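# Architecture at a glance
Here are the chains, one letter per residue:
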Amino acid sequence: MDTQTRAGIDIYGRALRYAEVQRRGDRYHLLRLGVCEFDFDVVEAVLEGVAGRQEALSEALSDVFEGSAAARLYVALHPPSSYSFFAPLPVEVSDEARKQRLLRDAALLTRSSSPKPLRLTADPVYSETLGDGAAVEWYHVMALDERLHLRFDRILRLLPQTHHRMTLSMHAAANAVEHLEQADAAQPRTTAPFTLALGWYPTHVELTLCRHARWYFSHYAGAADPDDCGYFVLALLRHLGLGAAAVGRVFLYGGFEPPGAFGALADLLGCPPEALNPLRLIDLDEQSMATPDALAAYAPCLGVTL
């Protein structure tokens, strides 16, 4: 039986959440899950290059993943700690031409006369045929300042994982949605094509749309009250030429507010938000775990392990 083990971390504020999941065939087994709390902001410690705090992060991660069987660690970062955008490219474009085009797009996004050295991560999202018959592949691109990437290299150097890959928290949420929707395919809840994953954090709101369970688009906005999230959702839908009826299911993650706090959004879309809890897919005793609302805080670090 094919066995694959993946590890993931998610950093926000003073918390570093981690997970390791082993897949055997079509079943998932949880190997580790938890959170490390620090007395400083984790992302700021990396962005500002604070040596002592980076050592603390490195030591904590080394302890957490001691004996890990995963070969690669996935690091979920929240906006706006990285540049992120979607770009369509002709399907026949070569790998080198795609890289150069995306580098130019990223340089324009930074709005710098002397472009910063950037490390790109590009993932295909979906294919589309345009009105003129041309076929394009849409990519999501995450661009990190090379200096930030090098700091992560130093922080993660003591881990058993030989490689690490940066990913966007909204990408991780989309991956969790895809697996949950596939698990629920036998009992479809709606005919609407889109599912919304909303990540509510004290500093910002993350909005991710999946079409037929596959990642379609993501966007984020500044801090908002839960009652105001409907405004950002409607603005995103209008930007994409969609109406509220296009969304048939809403997932919530972040762990700072329960789904019941988003009553205005439920009224707007006609469907109550439910906790985005990937642990529902994993073999374990649910009675031994926290409530789904609390586990939704782990959606990004679990999403990258599926």
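The rules behind each value
Residues numbered from 1 in each chain as written. Predicted model: local features only at pLDDT ≥ 70, side-chain atom pairs only at ≥ 80, totals over all residues. Heavy atoms only, no water. Helix = DSSP H or I, 4+ residues; strand = E, 2+ residues; numbered from the N terminus. Buried < 20%, exposed > 50% of the residue type's maximum accessible area, 1.4 Å probe, protein only. Contact = heavy atoms within 4.5 Å. Arc of directions from axis to C-beta. Pairing = 2+ DSSP bridges. Patch = residues over 30% accessible without salt bridge, like charges linked within 9 Å, V, L, I, M, F, W, Y side chains within 5 Å. Areas by Shrake-Rupley, 256 points an atom, 1.4 Å probe, with all protein chains shown as cover. Salt bridge = Lys/Arg side-chain N within 4 Å of Asp/Glu carboxyl O. Lys, Arg positive; Asp, Glu negative; His and termini not counted. Charge placed at Lys NZ, Arg CZ, Asp CG, Glu CD. Core = buried A, V, L, I, M, F, W, Y, C linked by side-chain atoms within 4.5 Å. Phe/Tyr/Trp six-rings, centres within 6.5 Å; stacked < 30°, edge-to-face > 60°. Axes fitted to C-alpha atoms, helices over the stretch in contact; angles between N-to-C directions.

Residue Pro-80 is reached from Pro-79 by a cis peptide bond, and omega for that bond is 5°. In this model, His-212 sits at a positive phi of 50°, which is unusual for a non-glycine residue. As for its position among the elements, His-212 is in the loop between strand E10 (204–211) and strand E11 (214–222). The exposed category is assigned to His-212, whose relative accessible area is 61%. Positive phi values are uncommon outside glycine, yet Ala-213 reaches one of about 75°.

With that settled, consider the environment of Leu-180. Here Leu-180 is to be found in helix H5 (residues 169–183). Leu-180 sits in the buried class, given a relative accessible area of 1%. Non-local contacts of Leu-180, meaning those with residues more than four positions away in its chain, are made with Phe-251, Leu-276, Asn-277, Arg-280 and Leu-281.

On to helix H4 (residues 146–155), then. Buried within H4 are the following residues: Leu-148, His-149, Arg-151, Phe-152 and Ile-155. In an axial view of H4, the angular spread of the buried residues amounts to 155°, which keeps them on one side of the axis.

What follows concerns the environment of Arg-17. Considering the arrangement of structural elements, one finds Arg-17 in strand E2 (residues 15–24). With 275 residues separating them in the primary sequence, Arg-17 and Pro-292 have C-alpha atoms 16 Å apart. Other than its neighbours up to four places away in sequence, Arg-17 contacts Gly-8, Ile-9, Asp-10, Gly-34, Val-35, Ala-297, Tyr-298 and Cys-301.

Relative to strand E7 (residues 135–145), strand E6 (residues 118–129) runs antiparallel, the two sharing 11 bridges. Note on E7: the bridge partner recorded for Leu-120 is Ala-143. Counted between consecutive antiparallel strands, the loop separating E6 from E7 contains 5 residues, among which Gly-133 sits at a positive phi close to 90°.

Next up on the list: a negative patch on the surface. On the surface, Asp-225, Asp-227, Asp-228 and Glu-257 cluster together into a patch of negative charge. Structurally, Asp-228 can be placed in the loop between E11 and helix H6 (229–239).

A separate point is the nonpolar core. Of all hydrophobic cores here, the largest spans 84 residues; its most connected members are Leu-16, Leu-198, Tyr-253, Leu-269 and Leu-276. No other element matches the 6 residues that H5 contributes to this core. Not counting the four nearest positions on each side in its chain, Leu-198 is found in contact with Val-205, Glu-206, Leu-207, Cys-229, Val-233, Phe-251, Leu-252, Tyr-253, Phe-262 and Leu-265. In this structure, Phe-85, Ala-87, Ala-106 and Tyr-139 belong to the second largest nonpolar core, which totals 9 residues.

Inspection of the entire model under this criterion finds 12 aromatic pairs. Note on Tyr-201 and Tyr-253: the rings are 6.2 Å apart at their centroids and 70° apart in plane angle, and the pair reads as edge-to-face. You can see Tyr-201 sitting in the loop between strand E9 (194–200) and E10 and its partner Tyr-253 sitting in strand E12 (residues 247–253), a full 52 residues away along the chain. Classification of Tyr-201 as buried rests on a relative accessible area of 2%. Arranged with centres 5.6 Å apart and planes meeting at 65°, the rings of Tyr-201 and Phe-256 form a pair that is edge-to-face. With a gap of 55 residues between them, Tyr-201 in the loop between E9 and E10 and Phe-256 in the loop between E12 and helix H7 (263–269) connect regions that are remote in the sequence. Phe-256 sits in the partly exposed class, given a relative accessible area of 38%. One aromatic cluster is present, formed by Tyr-12, Tyr-201, Tyr-253 and Phe-256 through successive ring pairs.

With that out of the way, let us pick up the sheet that holds strand E5 (residues 83–90). With antiparallel pairing, 3 strands are arranged side by side in an open sheet as E5-E7-E6. Strand pairing shows two members of the sheet lacking a second neighbour, E5 and E6, which therefore form its edges. Taken pair by pair, the neighbouring strands of this sheet meet at an average axis angle of 25°, ignoring direction.

What follows covers the side chain of His-149. Of note, His-149 is situated in helix H4. Assessed through its relative accessible area of 7%, His-149 is described here as buried. Among all residues touching His-149, those that are not within four sequence positions of it are Arg-119, Leu-144, His-164 and Met-166.

Inspection of the entire model under this criterion finds 13 salt bridges. Arg-165 serves as the salt-bridge partner of Asp-123, at 2.9 Å between the closest nitrogen and oxygen. Here Asp-123, found in strand E6, pairs with Arg-165, found in strand E8 (residues 163–168); they are 42 residues apart in sequence, far enough to count as distant. Overall, the relative accessible area of 23% leaves Arg-165 in the partly exposed class. Residue Arg-249 pairs with Glu-181 through a salt bridge whose shortest N-O separation is 2.7 Å. Within this pair, whereas Arg-249 is found in strand E12, its partner Glu-181 is found in helix H5, the two being separated by 68 residues in sequence. Both residues of the pair, Arg-249 and Glu-181, belong to the buried class. Through salt bridges that share partners, Glu-181, Asp-184, Arg-249, Glu-274 and Arg-280 make up one connected network.

That is the geometry; function is a separate question.
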